[in-house]
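# Overview (structure and organization)
Given next are the chains, with one letter for each unit.
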Amino acid sequence: MQDTNELHRQILEVIALIPYGTVASYGQIAKLAGLPKHARLVGYVLKHLDKESQIPWYRVINSQGKISVTRMDEKGNNVQQDLLEAEGVYLLNGKVSLKKFGWQP
DNA sequence: GCCATGGCTAGTA
DNA sequence: GCCATGGCTAGTA
C-alpha cells in the first residue's frame, strides 16, 4: 500500500517540474519518474488528483499532442485547453505542437 | 484469482 | 501491448 503512494508521489513530483508554457506526455512523465511503461498510471494518478491540488496537471497531454481530458466549464470550453492557452500554449487542428511546446528536460 | 477498464503508447500500415 | 485498480466469482474453512 505504501509503495503505491510512493509511486504516485514520484509522478506528481515530476509533473510539478514541468515549466510554465510547456507540456509533457504521460509516457514522458512516467519515464522521468523512473517508471517507464507506466504512462497509464500517470493518467490514473492525475484523474484522481484532488481539486485543490496545485500540481499543473493540465500541462500533461498525450504523446500525439492531444488533450485527453474532456471537462468543460460553464461556457462549454475545455478547461485544460483554456489553462494552456492562458500560458501561451495553443492548439492547432486540435493538437499542441510538441516541437514548439514540448518540455525538454 | 480472473477479468474488464482506463485522462496511454511505440511502432506498423 | 502495457500495468495498477476494482468488482466479482470460485473454492477453502
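Rules used throughout
Residues numbered from 1 in each chain as written. Chains lettered and ligands numbered in written order. Predicted model: local features only at pLDDT ≥ 70, side-chain atom pairs only at ≥ 80, totals over all residues. Heavy atoms only, no water. Near = heavy atom within 4 Å. Polar contact = N/O pair within 3.5 Å; in protein donor to acceptor, adjacent residues only side chain to side chain. Helix = DSSP H or I, 4+ residues; strand = E, 2+ residues; numbered from the N terminus. Nonpolar A, V, L, I, M, F, W, Y, C, P; charged D, E, K, R; others polar. Core = buried A, V, L, I, M, F, W, Y, C linked by side-chain atoms within 4.5 Å. Buried < 20%, exposed > 50% of the residue type's maximum accessible area, 1.4 Å probe, protein only.

Let us look at the protein's contact with DNA strand C. Around DNA strand C sit Thr4, His8, Lys37, His38, Arg40, Leu41 and Tyr44, and those are all the residues in its vicinity. Atoms of DNA strand C within 4 Å of the protein belong to the sugar or the phosphate in 93% of instances, the rest to bases. One of the side-chain N or O atoms of Tyr44 is found 3.1 Å from a sugar or linking oxygen in DNA strand C. Elements that contribute at least two residues to the surface near DNA strand C include exactly helix 1 (2-15) and helix 3 (39-47). Classifying every residue of the surface near DNA strand C by side-chain character gives 2 nonpolar, 3 polar and 2 charged.

Here we come to the nonpolar core. Of all hydrophobic cores here, the largest spans 16 residues; its most connected members are Ile11, Ile15, Ile18, Ile29, Val42 and Val60. Elements represented by at least two residues in this core include exactly helix 1, helix 2 (26-32) and helix 3. The next biggest cluster of nonpolar side chains, apart from the first, holds 9 residues, and it includes Tyr58, Ile67, Leu91 and Phe101.

Bringing the protein's contact with DNA strand B into the picture now. Residues in contact with DNA strand B amount to 14 residues; listed here are only the nearest, Tyr26, Gly27, Arg40, Lys47 and Ser63. Per the 4 Å cut-off to the protein, sugar and phosphate atoms form 45% of the nearby atoms of DNA strand B. Within the backbone of Ser63, one N or O atom sits 3.0 Å away from a phosphate oxygen of DNA strand B. Measuring from a phosphate oxygen of DNA strand B, one finds a side-chain N or O atom of Ser68 at 3.2 Å. When residues of the surface near DNA strand B are traced back to their parent elements, those giving at least two are helix 2 and helix 3. Ranked by the residues each element gives to the surface near DNA strand B, the list is headed by helix 3, at 5 residues.

Just distances and angles here, no functional claims.
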